[in-house]
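Residue strings, one per chain:
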Amino acid sequence: LASRKAHQLKIKLSNGRTKIITDVIDEKDGDKTRGFSFIKYFPSIQYGLLHVQFYEGGSYNLIDMRTGTQTEVLGKAVLSPDNRRLAIFYADVVAGYSSNVLAVYLVLPSGLVQEFRELPQEWGPVDLKWTDNRTIVFDKLVCCDNLHDEKLTLRFLGKDISKNGKWGFTK
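Residues numbered from 1 in each chain as written. Predicted model: local features only at pLDDT ≥ 70, side-chain atom pairs only at ≥ 80, totals over all residues. Heavy atoms only, no water.

## Focus on the packing of aromatic side chains
This model, assessed by the stated rule, comprises seven aromatic pairs. Judged by centre distance (5.9 Å) and plane angle (50°), the ring pair of tyrosine 60 and tyrosine 90 falls under tilted. Of this pair, tyrosine 60 sits in strand S6 (residues 58-64) while tyrosine 90 is found in strand S9 (residues 85-90), placing the two residues 30 residues apart along the sequence. For tyrosine 60, a relative accessible area of 8% translates into the label buried. (Phe/Tyr/Trp six-rings, centres within 6.5 Å; stacked < 30°, edge-to-face > 60°. Helix = DSSP H or I, 4+ residues; strand = E, 2+ residues; numbered from the N terminus. Buried < 20%, exposed > 50% of the residue type's maximum accessible area, 1.4 Å probe, protein only.)

Okay, here's the thing in structure tokens:
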């Protein structure tokens, strides 16, 4: 699905086309540097996960393998058991080069719909898992004097899980 030649990442799309993403290397301004890696494929929903390496820190993009459309999601992705949603998470509570993020995206034929997103400053989610189609559990990693974590739950609050809905923290 993906190959690299020098500073170009080539991704074969299901429509027969090839998406080419070129790394950005800026010797004068390291903040503009971007290196792309294809790190995971979700065949059931035809999305791939790209890691974007900055000079310091990084980010993540989801790529629709049918169209080549990229969506910046800031974190790693975990697919729900019913293959209808992606939970996004990342924690950088020590260095602070990348954003802490917790998000949920509904996967539709027309693309991704963001249902929930939090960019916490003082903590970040780690060890995220779906326990069922409407429940995500993770550890809340807090910095810095006493680096610790506690278990939290993010739950779908709507009545119909098949539709776009609201999410909230529960104990």
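Having seen the model, we can carry on.
## Brief notes about the environment of leucine 119
Mapped onto the elements of the fold, leucine 119 is located in the loop between strand S11 (111-118) and strand S12 (123-132). Residue class for leucine 119 comes out partly exposed when judged on its relative accessible area of 39%. Taking C-alpha positions, leucine 119 is 4.7 Å from valine 101, a pair spaced 18 residues apart along the chain. If we ignore the near neighbours within four places in the chain, the residues touching leucine 119 are Leu74, Asn100 and Val101. (Contact = heavy atoms within 4.5 Å.)

## Let's talk about the sheet that holds strand S3 (residues 18-22)
Strand order across the open sheet formed by three strands is S1-S2-S3, with antiparallel pairing between neighbours. Here the strands that pair on one side only, and so sit at the sheet edges, are strand S1 (2-5) and S3. Put simply, the sheet's adjacent strands are angled 20° from each other on average, direction ignored. Of the strand pairs in this sheet, strand S2 (residues 8-12) and S3 are connected by five bridges, and their pairing is antiparallel. Bridge pairing in S3 links glutamine 8 to threonine 22. (Pairing = 2+ DSSP bridges. Axes fitted to C-alpha atoms, helices over the stretch in contact; angles between N-to-C directions.)

## Some remarks on the pairing of S11
Pairing analysis gives seven bridges linking strand S10 (residues 101-108) to S11, with the strands arranged antiparallel. The residue of S11 that forms the bridge with leucine 106 is valine 113. The turn linking S10 back onto S11 is made up of two residues.

## A look at the nonpolar core
Counting residues in each nonpolar core, the largest one holds 17 residues, and the members touching the most others are Phe42, Ile45, Leu62, Ala77, Leu86, Ile88 and Leu112. When residues of this core are traced back to their parent elements, those giving at least two are strand S5 (47-53), S6, strand S8 (76-79), S9 and S10. Counting residues per element, this core draws most heavily on S10, which supplies four residues. Beyond its immediate sequence surroundings of up to four residues, leucine 62 is in contact with Tyr47, Gly48, Leu49, Thr69, Gln70, Thr71, Val73, Ala77, Leu86, Ile88 and Leu112. Membership of the second largest hydrophobic core comes to 16 residues, among which are Ala87, Trp123, Leu128 and Leu152. (Core = buried A, V, L, I, M, F, W, Y, C linked by side-chain atoms within 4.5 Å.)

## Description of unusual backbone geometry
One non-glycine residue, alanine 6, adopts positive backbone phi at about 55°. Residue position: alanine 6 is located in the loop between S1 and S2. Taking the relative accessible area as the measure of exposure, alanine 6 reaches 66% and is therefore exposed. A positive phi angle, near 60°, is found at asparagine 83, a position not held by glycine.

## Comments concerning the environment of serine 110
Along the chain, serine 110 falls in the loop between S10 and S11. On the basis of relative accessibility, which here comes to 74%, the residue serine 110 falls in the exposed class. Between the C-alpha atom of serine 110 and that of threonine 153, which follows or precedes it by 43 residues, the distance is 29 Å.

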